[in-house]
Structure formats: C-alpha cells, structure tokens
Amino acid sequence: MPAALEGLRVLDLATPLAEATGRVLADLGAEVIKIEPPGGCASRHAPPFSPDARGEPESLFWRAWGMGKRSVVLDLDAPADRARLVELARGADVLVESFTPGTLGALGLGADALREINPALVYVSVTPFGQTGPHARHRATDLTLAAAGGLLNMQGDGDRPPVPVGFPETVHHGGVQAAADVLMALWGRNRSGRGQHLDTSIQAAVLWSLMYVTDHAAFGQDPPGFGPERAMRTGAMEVLPGLKLPVIERCKDGWVAMALVIGAQGAFGFNACMEYVGERGGLDAELMEIDWTTWIQQIQEGALPLETAIRGVEQFLAHLRTMTKVEIQREAVARKWLVAPVNLAPDLLADPQLAAREFWVEMDGLRVPGPFARLSRTPIAYRAAAPRLGEDQALLDAAPREPAAPTATRLAPRERLFEGLRVADFSWIAAGPLISKDLANLGATVLHVESEKRVDTLRMLPPWKGDPGISNGHTYANMNQSKLNLALDFTTPEGLRVAHRIAEWADVVIENFTPGTAERLGIDYATLRSCNPDLVMLYTCMRGQTGPERAHTGFGLHGAALAGFVGITGWPDRKPQAPWGAYTDFISPRYAQAALLAALYHRDRTGEGQCIDLSQIEASIHFLGPLLLDHQRSGRVLGQAGHDSEWGCPHGVYATAGVERYVAIEARTAEHWRALCAQVPELGTLGGDELARRLGHRAEIDAVLGNWCAALDPFEAAARLRESGVPAYVPLRATDFIADPQLAAREFFVELDHPVLGPMRYDGPVTRFSDTPSRPTHAGGPIGQHTFEVMTRVLGYAPDEVSAIAAAGALS
C-alpha cells in the first residue's frame, strides 16, 4: 500500500524543540531529510543515553524521534554549504526549523528568502514563543514552557511547589501541532499552488491543553484551588462539603487512578464498583442496600448520611488494595469502572491491549511505539531506524527535483484555507471537538451534531455565566468555535436518515463514541461509505477500535494513567500526581489532525477515501518513547521524578515573594549556566559548565536559588533571568494569562460573540498561517442553534420536510 505523503520532501533543520514535527511527517510517508551540522544535530546529544552495540553512548531521544529520517551534513556557517541547502530548498515541499527567530534569516535562509526561490514551499518555524513579541528571542526549556503555558501551575501538592510531568515532553505539543498544520497548509497548496510560512508558538500549544483553565481566564478567575489558595489543595476531589474523593490510590502492586463522579458514566461505574466489592464480602450489609448510582443526590437530599457514604468509599478503597493492577484493569473493562492502573514502562510493554493490536514494532532489537493512527488505505509503516550522521550524503549529488504538483485543475488564491471542505462532527467531550475546531476556524463548514437527549458532558464543565446550565458554559463554547450546531437524534429512523444525508454531503466524518456505538446507531464507516465512497472517517477513542479492551470506558485521567504519564509525575516520597486535566485528550487531537489531513492529501491525489482508527493512548505513548527505550536498554524504571531531570541543573520551581508564587528555572547548557551565575554569583563554585558536575551539586544549587528567589517579585525575577539568557518563567495562573506580555503581543485571545454569554475572550490559534490566517466566526452555541439553517441551506431540505422531521422527534 502507498504511504499517504509519498512523494513529499521535507527538510528538517529542527532542534529538539521540534524533532517531533519531522518524525510525524516521516511516519506518514514523507521523505524527511535531517540537515545536520558536522558534529550532529542537537537531538543526537540529548538524554537519555545508553551504550550502543559498540559501547558508545547513544541518545535514545534521537533514536526515538529520528526514526524514518535521512541524514545530510551541511555546515550552515560555510557559504558553499548554505548554497547547497538553497538548492535542496528549491525542490522541497516543506522546511521545518526551530532556531531562535532571526537566526536563519541572518544567513539568507529565512522564510521570505526561500519562499521567493520556491513559492510552493511550506516553511514552518516552531519556537518557544513564536516569531514575534517581547519574548520571541528568549531561551526556554520544557520546564519553563510548561510554566509559561499554565500547565505547571495546575500540577502538584498544595504544600510543595508545582511539579512538571516527570519526563520532558511538553515541547512535543508544539511539534506535533506543527506537523498537523503543515498538512493543512499542503491541502491549501493543492488548490492555490502556493506554500506559506507557519509560525508555531509552543507556549500557545501548551495553553491549548489546559481544558477549562483559559475559560476561567475569560472571567478573570482562577479555577478553584489554583490561585492564592493553592496551598489548600490535597489532591482529592471535593464533591460536597466534607466529601473528598481520591484520584490516585494504592492497589496491591502499585497505584490506580479513578474518577468516581463524572456524569452518568461515573454514576454507573461507581455503582458497578460497589456491587463487585459487595459480592465479595467487602461491604457492610447496610452499604449493599444503597443505590450507589444516585448516592451524591441522596446525600444532598439528606437520605444518605455523609458518614455512611464515606464509610462505603473507604471499604471500596480497602478492597482495591487487595487487587493487582492487572486484576483491576480486567474488572474495569468488563464492568465499566472509571478506574485505571497507573502504568510504568514494564506495564506498557506487557499491556495486553497493545499486544493484541500489535502496537509495538521491533526496530534494531528494541520495541518502539507503533503507528499513532491506523489508516486503512495508507497505513503507517516504519522503514528505517534513526540514521547515522551523514548516512545519506549522496542526496546532495542527486538530480534536482520539483515540489509535488498541486492537484486542482484551476489554481486560485484562497482567503480561507479550508473553504469548501465539509466536515460532519459527531463527536463530544474534548478529544473529538478539538480536532474539528481548527478546521472550522480555518474556513471549513463543520456541522457539530448533538442531541438534547444525551447532553454533551463538555456542557457540564465550568465556568458558566450565571448558574450552571447547558447553554451558558464557556468551555463548550471555546472548544466548538465557528461550527454550525445541529440537534439530531440518531436513534429515530428520521434522524438516522438525516445522518446518512450528512454523510453524503461530507468530505470528513469524525466520531469518538465507545467502539461499537457507531455500528449500533448505523453511522459506522461501512454504512456511511455506502452513502459516500470517497468519505474519510476518523474514529478516535481511548483504546482503539479493536482488541479485547476496545470498549474500555474512561476519560483523559484514565488515558494518562494507562499511557504512563501519571506514574512518572509527582514527588518520589508521595503518591503519583496526575498531569492536569484530560491529558491524553489534548495530545491525541494533534496526531488525529495529522492523520486526517494526510488522508485528505492522499484523497486529493487518488480520489480514495479511507477509515482512520486512532487510539488516544497509543498516540500519546509516543511522547514517552525515549523513556521506554531506556527501560529496555538499561532496566531503569522511571517513577515520580519530582524536579529531578537529567536534562538540566538547576531544574526547579522556587518560591518567591507573594502568596503561592514561584519561578521555574532550568540551565541546560554552559551558556545558560554562565548567565545564571552572572545573576546569582553565589552559584559560581557549584559545578561549573559541565552538566554532570552540576548534577552532583544539585541540592546546594537549589538551596542557593531558593534563598535568592525568596524575596524577589516572581515576574521581575523571571524577566531578569530571561533577559540575561537563562530559561525562566513564572508558572502562570489563569488570572495571569490576559496580562502576559507575550500572549498579549501575539493577540492570542480573540473576542467572539455567543447568544447567551455575549462577547467574551476565547483561545486563538497555536500556529499563525501567513497567507490564510485563522478567523474564528463565533463561539459554540446552544444545542440546535443552527438546525434550520443546516437542514435547509446546507443539506437542502425544504421547510415542510424539516417540519415533518421535527414532528417525528428527530431534531432534538
């Protein structure tokens, strides 16, 4: 079978900040040529390291993220080699770079210069803060970008500083998003003949992953527990006064993550938990008489004493402590518990669902994460390990090539990138709607289909304007920008016929129901393909469409636990900490967009539609690829890392003046360290330029920085360090976002109207497209806001037909 991006050439000049961009494009079949300096690209010198077959230290970061690429050595300080790069760019389709803004421009290799010689070139710059703004040239690392993007503030125990995810992976949010955006630009190029410059901000990509935190910012609020009162946080979920439910708890051989009261799924899942424990003698007799489906409501009404409910929860937790992770996972799948084991590297490699789906791929004696998505007509196939330095030098002498030709017969400039693209969005909650949001904001006609009979859980999330309701929530409105909302009940015959008519109209269908639901409803790929053979359909769910655990019920918390993120996050002397929010729900949409646009690129060239099966867990595991290689090579099992890191020292979050205010600081390079010592001279005797020596003085370095930061204003301290060349940032709160100078300068937040909320701020794009910028039109509105418009103007029904369908109860 052909690869989706067969025939595309990508020049990859990225640093570790954006190594993921080229890897995603290589996975999808593009020829990705890594342009490296004589000593090798920076990713070859990034940890973790392990001896290779010759006993030489090998970067497992490069081994993971360099897969499928080719290697050419060019010294860009030498005019002759710059000229060779220009010749390569003349025939390339895409160029990826992540240097400090202005670096390549000063060498004559900037976007304007290379697009002048190759107007078809898509030139993507992935940088910490974007190409413009007061912080554009500031140094940054994974830790400080987690701070700048607001993620860091949302994690950790209240009595200690915030903690990052325990393995550096934050930058990949920007890298994978950039890959998806490249493919969006190529879709436009197929119709206009012109490339463009894409400017991706990793800070903005991190903000995009915060669930409802930016929504609180729109109201000038911090989410409860994440402002000055942060010290009161315990890691438990306070459902009612006096009732705090655990999120992470012990089991017999480790930890489990749980969400016991999220919507109807939580109610039924917890009742199933209590029935199971009761059947095995784990509950007092009186507790077995309680209907645990409605226990919260019973407490509120006074029918269930709070003390009795707490005793039931304690007995449930006591029983979990007698079960292994494997036993808990088996029952969670079978009984739809919202409980998941906290997997570590060995658990992932032994996971039965991943084994059943043949996820792992053998590459040079090690198992690597397999395809991030399964495309039915253009499957991802791993052809080569990461290349040796200069392995493909002969490419410099190959015959000149031309960029891939556009597919449209009549080329014309485009005001809206996706004008003419038709998308049926049958998805709900977060992971699905986020995929189509960018498409809508870039001009696609997106029909978001939902029903009043099963209200989207996303509508139940705070914050609301006024009392909680289903039409006045900012979170739903934010994730469904620019879409047309159609109320439709698939379970009625009339509603199903409308769904099939939508499929005839659409280029793309997106759904994220539990596997089997689409088939039961009659909106599965096989059925819809009979209506529209050219359709591209994307299924996205937690565990994939096949395998023994395909129907596993869960949210992003459970995905983060199963994918390995929870187990590495938190302090070594305490229970693990879940990364903020539905973490895998914010990794997987970026991969889903890439897969979807690759399928559309293939359809442009062949006319073929196809089906895509994306497991949110499988896609997310790629962020931890080097960690898994390290376990196989060294036997190390990374647990909760706290602030420890082998990438930099210092690598910490230090308390400053003010209530619960901190500054995140990391020195990776000798240059970072020298700049830090210039600001804090007391550090001068502690380790020196070599990272290994500094790691030996880590506690002393932390003590000095702790004392230095304690009396300083956090924003002044961070600015002072950044301006001297040290990666540093305040872990931003929601109430800091609007005033953040960089976000403000790039006008990240946009004002949109809403029929209930009125004009308010909403999230803007991660990537700026030079020629076809994102232009959101409105916030996502009430259920059925555009039903009549969609039925008549989009789908072509006559008004009397719409009335008849409504009378049958289908438009609700």
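Higher on the page you've got the structure.
Draft legend 1. Fine view of empty space enclosed by the protein. Taken as a whole and judged by the stated rule, the model has 4 cavities of 30 Å³ or more. A volume near 140 Å³ is recorded for the largest cavity. As for the largest cavity, its lining consists of 14 residues, and the residues nearest its centre are Asp438, Pro765, Val766, Thr767 and Ser774. It is helix 17 (residues 433-441) that contributes the most residues to the lining of the largest cavity, 3 residues altogether.

Draft legend 2. Structural detail: the sheet that holds strand 28 (residues 767-769). Here we have 7 strands laid out as an open sheet, ordered 5-2-1-6-7-8-28, and mixed in their pairing. Edge strands, defined here as strands with exactly one partner in the open sheet, are strand 5 (70-73) and strand 28. In this sheet, neighbouring strand axes are inclined to one another by 20° on average, regardless of whether the strands run parallel or antiparallel. Pairing analysis gives 4 bridges linking strand 1 (residues 9-13) to strand 6 (residues 94-97), with the strands arranged parallel. When the bridges of strand 6 are listed, Leu11 appears paired with Leu95. The strands touched by helix 7 (residues 171-192) within the sheet are strand 6, strand 7 (122-127), strand 8 (197-201) and strand 28, with strand 7 carrying the most contacts at an inclination of about 160°.

Draft legend 3. Quick peek at helix 13 (residues 306-320). The end-to-end C-alpha distance of helix 13, which contains 15 residues, comes to 21 Å, matching closely the 21 Å that a straight helix rising 1.5 Å per residue would cover. Residues of helix 13 that are buried include every one of Thr308, Ala309, Gly312, Val313, Gln315, Phe316, Leu317, His319 and Leu320, and no others.

Draft legend 4. Looking closely at the pairing of strand 23 (residues 651-655). Summarising burial for strand 23: 4 of the 5 residues are buried, a large majority. As defined by bridge partners, strand 23 adjoins strand 24 (residues 662-666) across 5 bridges and the pair is classed as antiparallel. Of the residues in strand 24, the one forming a bridge with Tyr654 is Val663. In this structure, the hairpin formed by strand 23 and strand 24 is closed by a connection of 6 residues, where Gly658 is found at a positive phi of approximately 100°.

Draft legend 5. Examining the side chain of Asp93 more closely. You can see Asp93 is positioned in the loop between helix 3 (79-90) and strand 6. A polar atom in the side chain of Asp93 sits 2.8 Å from the side chain of Arg189. Only 2.7 Å separates the side chain of Asp93 from the backbone nitrogen of Ala404, close enough to count as a polar contact.

Each value, and the rule that gives it
Residues numbered from 1 in each chain as written. Predicted model: local features only at pLDDT ≥ 70, side-chain atom pairs only at ≥ 80, totals over all residues. Heavy atoms only, no water. 1 Å grid on protein atoms, 1.4 Å probe; cavity = no way out; pocket = protein on both sides within 12 Å on 5 of 7 lines; lining within 4 Å. Points joined across faces, edges and corners; volume = space filled by probe spheres on them. Helix = DSSP H or I, 4+ residues; strand = E, 2+ residues; numbered from the N terminus. Pairing = 2+ DSSP bridges. Axes fitted to C-alpha atoms, helices over the stretch in contact; angles between N-to-C directions. Contact = heavy atoms within 4.5 Å. Expected span 1.5 Å × (residues − 1). Buried < 20%, exposed > 50% of the residue type's maximum accessible area, 1.4 Å probe, protein only. Polar contact = N/O pair within 3.5 Å; in protein donor to acceptor, adjacent residues only side chain to side chain.

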